[in-house]
Amino acid sequence: MTAPTSDRASDFASLAAEDRVAARLYTDPEIFDWEMEKIFYSTWVWVAHESEIPDAGSFKMSHIGLQPVIVNRDRKGNFNVLLNRCRHRGASVCEVPKGKANGFTCPYHSWSYSLEGNLRGIPYPDGYEGVAEKRDLPLQRLRVESYNGLIFATFRTDIEPLADFLGDAKLWIDRFMKQGAGFPVKVQGEHKFRFDGNWKIQLENTTDGYHFPIVHRSWMASVDAETADMLSFMTDEEAVTHALGNGHSVAIMVPEHVDLEDDDGTEELQERFRPIIDELSETMPPEQVRRIVRSMHGAGYNLNLFPNLSLSMSFFRVLRPISVNETEIQHMALGLDGGPESVNRERLRIHEHFQGPFGFGTSDDSEAWDRVQRGAVANPEMPILVNRGLGREVAADEGWKTSHVTDETGMRESYAMWKRMMNDDN
Ligand code: FES
Ligand code: FE
């Protein structure tokens, strides 16, 4: 793309104030292009979970911004993230969402590449004698690092290590993964949908506790009293959102579930999961049964990892910008790798009820997001407020900005990072 002048870049950044952002942030294609460049192609972006590529040769297709990539595990056990673009004339070399392979062969003229991206074969090679060498034409390899099963990649070789970028969010990733209750967390299944709106509308939503009991009230009316009670966070003082830095935030919706090592909080779940408890108790100690049952609904919080991943209760939510006014969302239901079948089945049912293709949550949310986009298109000059709870934010012991879970602390954290990156000279 043609880079905007530095004045123009700071114009973009000035559209985000502490308490409001301009609706143009959702509608201006020039801003969208600059976001791809300065955010998606300039930081760590989540591409896969380890359980999706369990064996040597396992691969999946993913995206970084608009760029298609292949994520795979090679025979040495290393993760590779390769730009899905043949070095001959640029065709994608893989269109299979997930699978197992020894390498990738471009369908156009059959240039073939190894799992590491090295160019292995060119048909009728004599035409290239003295013109091109295979060693000079690998698939573009991205920098890859992982943390607690989460695999990230970046086009940049000069930015901080992943662990530094995640910073205080690491603590919350670690807690989130405890929902495996002794088993590693695995992706059980996924579904995708698109909504007619800008990617930041989803980015804002993950730690927006304010919308939950309102937009999702039909879902709240459909669940058992214990689950509804568990989610009655509007009145719970301990239900807070922490701004964790670097755009990351966490919204704690079920406070007693925060530390899954705690002893409390299972009683109300006992009756609902009685058949599973009875089954597990035949082979497992009571302590492990308790941990598995406690984590049935997931971690009890939503963690927003800027810019594209949410670890949310018992699933991952991945956002992928398609254009300034279209975004793809992927929901990945989580289960226990090697864990009891009955537990994984029940976790899937819970997931489907809210986030599944026919669940309440997906349709509720996407309807609201579409409306936000339509309003922004109609009047890009009317600001979007992100000021709820600004007057009651406090500094937590850990140094995080903290406010009630229904406040917009997480959105302000995302926009502070957005502003920094959009204005960054690098
Ligand atoms: Fe891939 Fe020609 S474009 S081999
Ligand atoms: Fe929602």
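As the structure is a prediction and not an experimental result, all values here were calculated from the model.

1. Structural notes on the domain arrangement of the protein
Domains assigned within the protein are domain 1 (45-154) and domain 2 (167-421). Of the residues lining the interface, eleven residues belong to domain 1; the matching set on domain 2 comes to 17 residues. Sorting elements by how many residues they give to the side of domain 1 that touches domain 2 places strand E2 (residues 45-49) first, with three residues. A per-class count over the side of domain 1 that touches domain 2 returns four nonpolar, six polar and one charged.

2. Observations regarding the packing of helix H10 (residues 274-281) against helix H11 (residues 286-294)
For the pair H10 and H11, the least separation of the axes is 10 Å and the interaxial angle reads 150 degrees. The two elements H10 and H11 cross, and the hand of that crossing is right-handed. Across from Ile277, Leu280 and Ser281 in H10, the residues of H11 making contact are Pro286, Val289, Ile292 and Val293. Residue composition of the contact of H10 with H11, by class: six nonpolar, one polar and no charged.

3. Points about the sheet that holds strand E4 (residues 67-73)
The strand order E5-E4-E3-E6 describes an open sheet built from four strands, whose pairing is antiparallel. The sheet is open, and its two edges are formed by strand E5 (79-83) and strand E6 (98-100), each paired on a single side. In this sheet, adjacent strand axes meet at a mean angle of 30 degrees when their direction is disregarded.

4. Details of the environment of Leu83
As for its placement among the helices and strands, Leu83 is situated in strand E5. Classification of Leu83 as buried rests on a count of 21 C-beta atoms within 10 Å. For the pair Leu83 and Ser281, spaced 198 residues apart in the sequence, the C-alpha separation amounts to 48 Å. For Leu83, the residues in contact, after removing those within four places along its chain, are Gln67, Val69, Leu139, Gln140 and Leu142.

5. Digging into the confidence of the model for the protein
Per-residue pLDDT for the protein averages 92, and the proportion of residues at 70 or more is 95%. On the interface metric, ipTM, the complex scores 0.97, and its pTM is 0.95.

6. A look at the sheet that holds strand E10 (residues 143-147)
The three strands lie next to each other as E2-E11-E10, forming an open sheet whose pairing is antiparallel. Whereas interior strands pair on both sides, the edge strands pair on one side only; in this sheet they are E2 and E10. Mean inter-strand twist for the sheet, computed between neighbouring axes without regard to direction, equals 30 degrees. When E2 meets strand E11 (residues 150-154), the two strands line up antiparallel, connected through four bridges. For Trp46, the partnering residue across the bridge sits in E11 and is Phe152.

Definitions and cut-offs
Residues numbered from 1 in each chain as written. Chains lettered and ligands numbered in written order. Predicted model: local features only at pLDDT ≥ 70, side-chain atom pairs only at ≥ 80, totals over all residues. Domains from an automatic or database assignment. Contact = placed C-beta atoms within 7 Å. Helix = DSSP H or I, 4+ residues; strand = E, 2+ residues; numbered from the N terminus. Nonpolar A, V, L, I, M, F, W, Y, C, P; charged D, E, K, R; others polar. Axes fitted to C-alpha atoms, helices over the stretch in contact; angles between N-to-C directions. Left-handed = near helix turned anticlockwise from the far one by under 90°. Pairing = 2+ DSSP bridges. Buried ≥ 20, exposed ≤ 12 C-beta atoms within 10 Å, placed from the backbone. pLDDT = per-residue confidence, 0-100.

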